[in-house]
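Analysis of the macromolecular model
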Amino acid sequence: LACEGVCIMFGLKPVKKVDPNTPGKKIDDYWETSQKEVLADPKKLLDKLFEFDKDNIPDKVISQIAPYMEREDFDPAAIKKASIACEALCLWTRAMYTYHF
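Structure report, in brief. (Residues numbered from 1 in each chain as written. Predicted model: local features only at pLDDT ≥ 70, side-chain atom pairs only at ≥ 80, totals over all residues. Heavy atoms only, no water.)

**Side note on the overall build of the protein chain**
Quick reminder of the rule: Per the convention used, a helix needs a DSSP run of H or I reaching at least four residues, while a strand needs a run of E reaching at least two, with both numbered from the N terminus. As a reference, a globule follows 2.2 Å times the number of residues to the power 0.38, and the radius of gyration itself is taken over C-alpha atoms. Here the term buried applies to any residue with accessible area under 20% of the maximum for its type, exposed to any over 50%, and partly exposed to those in between, with areas from a 1.4 Å probe on protein chains only.
Along the protein chain, the regular secondary structure elements total six helices and two strands. When the elements of the protein chain are put in sequence order from the N terminus, they spell out α-β-β-α-α-α-α-α. Taken over C-alpha atoms, the radius of gyration comes to 14 Å for the protein chain, in line with the 13 Å a tight globule of 101 residues would show. Each principal axis of the C-alpha distribution contributes one length, and for the protein chain these read about 40 × 30 × 25 Å. Buried residues in the protein chain amount to 33% of all 101 residues.

Below, the structure is given as structure tokens:
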């Protein structure tokens with residue numbers, strides 16, 4: 001979920017996959033995108049996080065990430081139970097969202 005938030009902030013597109021719960025419907029899947037674009041090169045990821053243009057976040061990105069801010073499972077403490085690194089990505093995403101306002 002933390003990687004999903006980073007993908008949204010970076011404007012990366014999800015892969016459309018068949019919804020296993022609703023045949024015929026497609027869902028956005030950010031995991032493949034996360035693996036290829038976010039997690040593949042840790043140094044590049046750090047550089048992108050530090051160089052992110054927080055003063056010019058598009059409104060479309062803010063509106064896409066806004067629902068995550070209300071989710072109970074997009075909480076740094078909850079995410080930390082699974083991964084300290086993902087906790088940091090969640091904190092970064094929340095900080096960029098907060099900075100926008």
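**Some details on the side chain of Thr33**
Applicable threshold: Only heavy atoms matter for contacts: two residues are in contact if any of them lie within 4.5 Å across the pair.
Its place among the elements puts Thr33 in helix α2 (residues 31-38). What Thr33 contacts, discounting residues up to four positions off in sequence, is Cys7, Leu12, Lys13, Pro14, Val15 and Val38.

**Structural notes on the packing of aromatic side chains**
The line we're drawing: By convention, a stacked pair of Phe, Tyr or Trp rings (six-membered ring in the case of Trp) has centres within 6.5 Å and planes under 30 degrees apart, an edge-to-face pair has planes over 60 apart, and any other such pair is tilted. Two conditions define a charge located above a ring, namely a distance within 6 Å from the ring centre to NZ of Lys or CZ of Arg, and an angle within 35 degrees of the ring normal.
One pass over the structure, following the stated rule, counts five aromatic pairs. Taken together, a centroid distance of 5.9 Å and an interplanar angle of 45° make the contact between Phe10 and Phe52 tilted. Placement of Phe10 in helix α1 (residues 2-10) and of Phe52 in the loop between α3 (42-51) and α4 (59-70) is noted, with a sequence separation of 42 residues between them. A single burial state applies to Phe10 and to Phe52, both of which are buried. Taken together, the aromatic side chains of Phe10, Phe52 and Trp92 make up a single cluster linked through ring pairs. Sitting over the face of the ring of Tyr99, Lys54 holds its NZ or CZ atom 5.5 Å from the ring centroid.

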